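# Secondary and tertiary structure notes
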Amino acid sequence: MNYELSYSDKVLKQLDKIDVITHKRILNALEKIRIRPYSFVKRIVGTKFFRLRVGDYRIILKIVNKKLIVFVLELGHRRDIYK
């Protein structure tokens, strides 16, 4: 019972801009959370969104349990992502 990953256009553009090694680490981390996403993410306080930490990068996610979908909404360096 794996979750499906769905990427926003903004995330796809951001993935193209980062270096290859970090790109692979992020994709590997996203593949890992498909089985049990709640084991790897933390809720962002005061919102319905979650965050996933991959080195210095943060990935903002929305998890829809009824449809088994993880929406990848935003990706960025930790110094910029929460602004």
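Just so it is clear, the model here is predicted, and its values are computed rather than measured. (Residues numbered from 1 in each chain as written. Predicted model: local features only at pLDDT ≥ 70, side-chain atom pairs only at ≥ 80, totals over all residues. Heavy atoms only, no water.)

## Details of the pairing of strand S3 (residues 50-54)
- Alternating positions in S3 separate cleanly, Phe-50, Leu-52 and Val-54 being buried on one face and Arg-51 and Arg-53 remaining unburied on the opposite face.
- One ladder, built from two bridges, connects strand S2 (residues 42-43) with S3; its direction is antiparallel. Within S3, the position partnered with Arg-43 by the bridge is Phe-50.
- Hairpin connection of S2 to S3: six residues between the antiparallel strands, including Gly-46 at a positive phi of 85°.
- With antiparallel pairing between neighbouring strands as the criterion, S3 and strand S4 (residues 57-64) make up a hairpin whose turn holds two residues, including Gly-55 at a positive phi of roughly 60°. (Buried < 20%, exposed > 50% of the residue type's maximum accessible area, 1.4 Å probe, protein only. Helix = DSSP H or I, 4+ residues; strand = E, 2+ residues; numbered from the N terminus. Pairing = 2+ DSSP bridges.)

## Some details on the nonpolar core
- Of all hydrophobic cores here, the largest spans 20 residues; its most connected members are Ile-26, Leu-30, Leu-52, Ile-59 and Leu-61.
- Among the elements of the structure, helix H1 (9-17), helix H2 (20-32), S3, S4 and strand S5 (69-77) are those that each provide at least two residues to this core.
- With four residues, the top contributor of residues to this core is S4.
- Residue contacts for Ile-26: discarding those within four places in its chain leaves Leu-15, Ile-18, Val-54, Tyr-57, Ile-59 and Leu-75. (Core = buried A, V, L, I, M, F, W, Y, C linked by side-chain atoms within 4.5 Å. Contact = heavy atoms within 4.5 Å.)

## Quick word on the packing of aromatic side chains
- One pass over the full model with this rule turns up one aromatic pair.
- Between Tyr-38 and Phe-50 the ring centres are 5.5 Å apart and the planes differ by 75°, which places this aromatic pair in the edge-to-face class. Residue Tyr-38 is found in the loop between H2 and S2, and its partner Phe-50 is found in strand S3; the two are separated by twelve residues along the sequence.
- Residue Tyr-38 is classed as partly exposed on the basis of its relative accessible area of 41%. (Phe/Tyr/Trp six-rings, centres within 6.5 Å; stacked < 30°, edge-to-face > 60°.)

## Quick word on the pairing of S4
- Counting buried residues along S4, six of its eight residues qualify, which places the element largely inside the surrounding structure.
- Sheet topology note: the S3/S4 ladder contains five bridges and is antiparallel. Bridging from a neighbouring strand, Val-54 pairs with Tyr-57 of S4.
- Of the strand pairs in this sheet, S4 and S5 are connected by eight bridges, and their pairing is antiparallel. Along S5, the bridge assignment pairs Val-64 with Ile-69.
- Connecting S4 to the antiparallel partner S5 that follows it, the hairpin turn spans four residues, and Leu-68 within it adopts a positive phi of roughly 55°.

## Some points on the side chain of Gln-14
- Position of Gln-14 relative to the elements: it lies in helix H1.
- Ignoring anything within four residues of it in the chain, the contact list for Gln-14 reads Glu-74 and Leu-75.

## Overview of the sheet that holds S5
- Judged by pairing direction, the sheet is mixed, and its five strands sit side by side in the order S1-S5-S4-S3-S2 without closing on themselves. Strand pairing shows two members of the sheet lacking a second neighbour, strand S1 (4-7) and S2, which therefore form its edges.
- Across the sheet, H1 touches S1 and S5, and the angle it forms with S5 is around 45°. (Axes fitted to C-alpha atoms, helices over the stretch in contact; angles between N-to-C directions.)

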